[in-house]
Amino acid sequence: MSVAEAGEILETEDLSWSVGGIHIIRGVSLRVTQGEFLSVIGPNGAGKTSLINLVSGVVRPTAGAIRFGRTDITRRGPADRAKAGIARTFQTSSVFLERTVLENVRLAAQARLGGSGSLFRRPRRNDRATELARDALERSALQGVAYKQAGELTHADKRKLELAILAVQRPKLLLLDEPTSGAAAEEVDVLIDIARGIHREGNTVVMVEHHIELVASISDRIAVMHNGGLLMVDSPDVVLSDPTVQKAYLGEGL
Amino acid sequence: MAMNDVISLLISGLGLAGIYFLLASGLSLIYGLMRVLNLAHGAIFAVGGFVGWAALEYLPVEPDWLRFTAALVLATLAGAMLGILIEKGLLARLYGRPYAQMLLTLGLAFAMTAFLGGWLGHDPLTLKQPAWFDEVTVIAGSRVVNSRLVIVGIALILFLATVVFLRRSKHGLIIRAGVNNRSMVMALGINVSKSFTLLFVIGSGLAGLGGVLAGVFFGSVTPELGTQQLIFAFIVIIVGGLGSLEGTALAALVVAVLQQFVNYYGPPGAGDLVTVLLLAVMLLVRPRGLLGKVAA
Amino acid sequence: MKRTAARNVPLAIAVALFAAVPFLSNVSVPLVFDGPLGSLGTMQIIAVGLIFAALAMTFDLLFGYTGLLSFGHTLWFALGLYLPAVLMVGAGAPFGTALLLALAACLLLSLIIGAVALRTSGIAFAMVTMAFAEAFLIFVERNPTKMFGGDEGITVAGSLLPQAVRGVAGIGTVYWIALVLAVTIYLLLRQSVGSRAGHVLQGLKENPLRVELLGLHTYRFRLLSFVLSSMLAVLCGFVYLLVARVAYPGIAGTDFALLIMVMVVFGGTGRLWGAALGGFLYGVANIRLGSMSTAAFGEGLPQWISGPLQEPPLYIGLAVVLMMLFAPEGLAGLIEKASSRLRARLAGSRRGRNSGAAPSGSGGTPGGDGTETALAASGQR
Ligand SMILES: Nc1ncnc2c1ncn2[C@@H]1O[C@H](COP(=O)(O)OP(=O)(O)O)[C@@H](O)[C@H]1O
Ligand SMILES: [Mg+2]
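Owing to the predicted nature of the structure, the values given are computational and were not obtained by experimental measurement. (Residues numbered from 1 in each chain as written. Chains lettered and ligands numbered in written order. Predicted model: local features only at pLDDT ≥ 70, side-chain atom pairs only at ≥ 80, totals over all residues. Heavy atoms only, no water.)

(A) Geometry of the overall build of chain B. A tally of helices and strands in chain B yields 12 helices and 4 strands. Relative to the 2.2 N^0.38 estimate, which gives 19 Å for 296 residues, the radius of gyration of chain B is 19 Å and therefore close to what a compact globule would have. For chain B, buried positions account for 57% of its 296 residues. A fraction of 75% describes how many contacts in chain B between residues 6 or more apart in sequence connect residues 24 or more apart. Total accessible area on chain B is roughly 11500 Å²; 69% of this is exposed by carbon and sulfur atoms. For chain B, the distance from the average position of its 17 positive side-chain charges to the average position of its 11 negative side-chain charges is 21 Å. (Helix = DSSP H or I, 4+ residues; strand = E, 2+ residues; numbered from the N terminus. Rg over C-alpha atoms; globule rule 2.2 N^0.38 Å. Buried < 20%, exposed > 50% of the residue type's maximum accessible area, 1.4 Å probe, protein only. Contact = heavy atoms within 4.5 Å. Areas by Shrake-Rupley, 256 points an atom, 1.4 Å probe, with all protein chains shown as cover. Lys, Arg positive; Asp, Glu negative; His and termini not counted. Charge placed at Lys NZ, Arg CZ, Asp CG, Glu CD.)

Here it is, written out as structure tokens:
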């Protein structure tokens, strides 16, 4: 079955990654359909973050292949993958802590619009990148802290900032690594709503998340990881009632 | 190219490799474990060389091999003491700020070198080596100066001792684990600060001792001895792979032997230049070094 | 626009001061300079200070703004002296041709060396750049081609230089060239740092992975920064050749490369004017300390004290140690802290007069863009 026919945006084939002889990801074959909201769950240390690292190009697989759309991107670096339309967030927010919130997003917008290599043109208050950045901040309810240093933000606001950066990148595929981690309970819904908003614009989302009720309510499918392997991928109902899934979690004492 | 030359060059190369190893190993492990680039390491090396010179010059100990042994011990102690002073007295205050730490050791390197130069002058001071060192031994038909054999022997013993320390002792295991996966060891709540001090002491001691051997190898010591050799130590570290003791030893061999041969058969300075070329090639082919653990 | 204008005030004052120096032949600064400010000897020393200020700023682009630690930056400065010298003295090229050829060669070389060295990062990059600089020093000192002057260096006879910079009278012209160099490099770098690419570089310094994930090839941006700072350092070398009239090994190799870093750190990294201040002070102090070192310093003390006291690097080294322990943000950090405190006090007393309220202890900088306070705060850790 060809990728194009199935409307698949991402396909990993027998993807494996080991460090120093330890197998962290073992032969993961996963297909993500265009426009789908796929959640990845699994106990701590299952390899969820590692999978995101592999797909975003932060680390290189030791075996297997990754296809994005029609193209094999296994050997591409993270910048090329980002340009192709893959964007990600980190389990622990990764932003420019010493720059302002606006500058964080503006830089992302500038990167997408092009002309980042120019030593002559300066960022302007009213150029397109800045406008895009302001829009994104507004949608993430961050306009009030636009001139604050990102390092001074609360955890939840840092998470929002990451999502705002993601939004201006206009990716085709979003990889969200526990977007609510570190945020207070009342902020979780806000963050998930932002993620959903981006999804509704026609994007594909792969999200690692611990809040299982949330995951069940918004995901089209759920992938379960355990010990570096893919246990199963199916609709929320099926996955949550599956005994092996329950065992995988209980086995880890969750 | 005569076989005699080859063997004596090879043994010279091994001696130089030993000196590079003694200087580079501490530097590499300290960086691997704590991300501190100790730029005063070369100055400690030079202090070791001067302590060795002074011991050989003034110590009223006979016979001369005993005096030489005393010189080695004193230089090692001097290096180790400087190491403790620097780590406990200064670097510990800047914990978690690697650039500030590195710059502080750079300031120390300037000050220590200036101190040696101002006190004892910048001209080379000749080491009074035991008489036997200058004699030659015939190995496989070629004449080898004994001092080279001594250097090779001492460096080999110290290499093996360091390997055993890292593999067998508790602190050694912590150091090795820390170099391989620093955040993990810290996350496990293992107190690395004691191991770090120990590593700093051992590394500095080895450098101090290496300074004496360098004095023997080159015949004399100068305040700039450390800075000059530090460059080759850096090349050795990168070629071998940051944080890998075995890699450092292997790279020291490759770099030193290559350098000796090309310096002998090529135009002046060619051997030194070739080591830089080797570094460039290494980076193109294998940026993490021969046996690198830490991604460079 | 108002802010840009305000930003240029200190620059204008500095330029005006330096431009006045040649005309101040009656003003002397005792202890610092032997002769009056307008004397040729003093102007020469200040010119060196200006060149080192420019050189320090080129290093700051790399280290302070891009986060690339090079232990071999002086390679480019040294090439800026050696290549024209060799081309003129050894190959008989005219002055202008020599400079152009040297520029072209350095551009090619910085692309190649940058491309290789940037395959590493962090400390490995420092070591690799150091190795390249040291290789050049070895090459120059051992002098296998017999063209690079060995330990003596290459002296450039006045007759090889343009009329205007020849001889004693030329020192005046060279002074102006040095001033133009420093100002031009400052403006160029300020523009670069504030440009779109400059913003990427500053992001790189803090979080390279994030930059890469925005779809920007960090390697290319690092190379851009490397080549730019290298080429500007070559220009500094050109002007220094006019002052020194000799290309000598002392400015090549690791020792001087590390000194450049010391200048920048001492002045304050990540602020061009801080780096410039550090470079200027070093340039002037080095010449002055050098000429004082024979003076009877520490007389009557035992040799192991009095000897070292005559070594300028001792003072530089100790100053760096103290700076790292007590003021890691450098002189610029100290100055910024002092000025923000002063402004806070002024604002406080004004507020106090106007409203009768007690001055608040918040110490914020009204009207500042925030970076200043953040930097000052980070210096207090
Ligand atoms: N760079 C690395 N080096 C060594 N081990 C790693 C590395 N990254 C992750 N691991 C290990 O791989 C396993 C999976 O980690 P991770 O992908 O972060 O799991 P999850 O996100 O599901 O909690 C863990 O045991 C972790 O310790
Ligand atoms: Mg995770």
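(B) Geometry of the site of ligand 1. All names here are of chain A. Taken together, the residues surrounding ligand 1 are Trp17, Val19, Ile24, Pro43, Asn44, Gly45, Ala46, Gly47, Lys48, Thr49 and Ser50. Separating an oxygen atom of ligand 1 from a backbone N or O atom of alanine 46 is a distance of 3.2 Å. Protein burial of ligand 1: of its 560 Å² of free accessible surface, 61% is covered by the chains. Top element by residues in the shell around ligand 1 is helix H2 (residues 48-56). It accounts for 3 residues. Residue classes in the shell around ligand 1 are distributed as 5 nonpolar, 5 polar and 1 charged. (Near = heavy atom within 4 Å. Polar contact = N/O pair within 3.5 Å; in protein donor to acceptor, adjacent residues only side chain to side chain. Nonpolar A, V, L, I, M, F, W, Y, C, P; charged D, E, K, R; others polar.)

(C) Fine view of a nonpolar patch on the surface. All names here are of chain B. Judged by side-chain polarity, Leu14, Leu250, Leu253, Val254 and Leu291 come together as a nonpolar surface patch covering roughly 350 Å² of accessible area. No other element matches the 3 residues that helix H11 (residues 245-265) contributes to the nonpolar patch. Judged by its relative accessible area of 38%, leucine 250 is partly exposed. (Patch = residues over 30% accessible without salt bridge, like charges linked within 9 Å, V, L, I, M, F, W, Y side chains within 5 Å. Salt bridge = Lys/Arg side-chain N within 4 Å of Asp/Glu carboxyl O.)

(D) Molecular detail of the nonpolar core. Within the largest apolar cluster, 234 residues are counted, with the highest numbers of intra-cluster contacts made by B:Phe68, B:Phe234, C:Ile51, C:Phe71, C:Phe77, C:Phe256 and C:Met261. Broken down by element, this core gets its largest block of residues, 18 residues, from helix H2 (residues 40-65) of chain C. Contacts of B:Phe68, omitting those with residues within four sequence positions, involve B:Leu56, B:Pro130, B:Phe133, B:Val150, B:Ile154, B:Val212, B:Leu213 and B:Val216. Core analysis: the second largest hydrophobic core is formed by 26 residues, A:Leu15, A:Trp17, A:Leu54 and A:Ile86 among them. (Core = buried A, V, L, I, M, F, W, Y, C linked by side-chain atoms within 4.5 Å.)

(E) Representation of helix H10 (residues 225-240) of chain B. Residues and elements named next belong to chain B. Along its 16 residues, H10 runs 22 Å from first to last C-alpha, staying within 8% of the 22 Å computed at 1.5 Å per residue. Of all bends in H10, the biggest is about 25°, found at isoleucine 231. Most of H10 is tucked away, with 14 of its 16 residues classed as buried. Of the residues flanking the end of H10, it is glycine 241, one or two places downstream, whose phi is positive at about 105°. (Expected span 1.5 Å × (residues − 1). Bend = angle between axes of the 7 residues up to and from the residue.)

(F) Examining the interface of chain C and chain A more closely. Taken together, the 28 residues of chain C in the interface contact 37 residues of chain A. For the chain C and chain A pair, buried surface summed over both sides reaches about 2900 Å², with 55% attributable to carbon and sulfur atoms. Our count for the chain C to chain A interface comes out at 1 salt bridge. For C:Arg210, the salt bridge is made with A:Glu162, and the minimal N-O distance between the two is 3.3 Å. Connecting chain C to chain A are 21 residue pairs in polar contact (both at pLDDT 80 or more). For the side of chain C that touches chain A, the secondary-structure elements that each account for two or more residues are helix H6 (170-194), helix H7 (196-206), helix H8 (208-213), helix H9 (218-244) and helix H15 (371-378) of chain C. Of the residues forming the side of chain C that touches chain A, the biggest block, 7 residues, is contributed by H7(C). Class assignment of the residues belonging to the side of chain C that touches chain A gives a composition of 11 nonpolar, 11 polar and 6 charged. (Buried area = accessible area lost by both parts, 1.4 Å probe.)

(G) Molecular detail of the pattern of salt bridges. Taken as a whole and judged by the stated rule, the model has 19 salt bridges over all chains. Taking the shortest distance from any N to any O, the salt bridge between C:Arg288 and C:Asp34 comes out at 3.2 Å. Within this pair, whereas C:Arg288 is found in helix H11 (residues 272-292), its partner C:Asp34 is found in the loop between helix H1 (2-20) and H2, the two being separated by 254 residues in sequence. Where C:Glu329 meets C:Arg271, a salt bridge forms, and the shortest distance between an N and an O atom there is 2.9 Å. Taken together, the residues span a long stretch of sequence, with C:Glu329 in the loop between helix H13 (312-326) and helix H14 (330-355) and C:Arg271 in the loop between helix H10 (254-267) and H11 at a distance of 58 residues. C:Arg271 matches C:Glu329 in its accessibility class, with the two residues each being buried. Because the salt bridges share partners, they merge into one network encompassing A:Glu8, A:Glu11, A:Glu13, A:Arg31 and A:Arg67.

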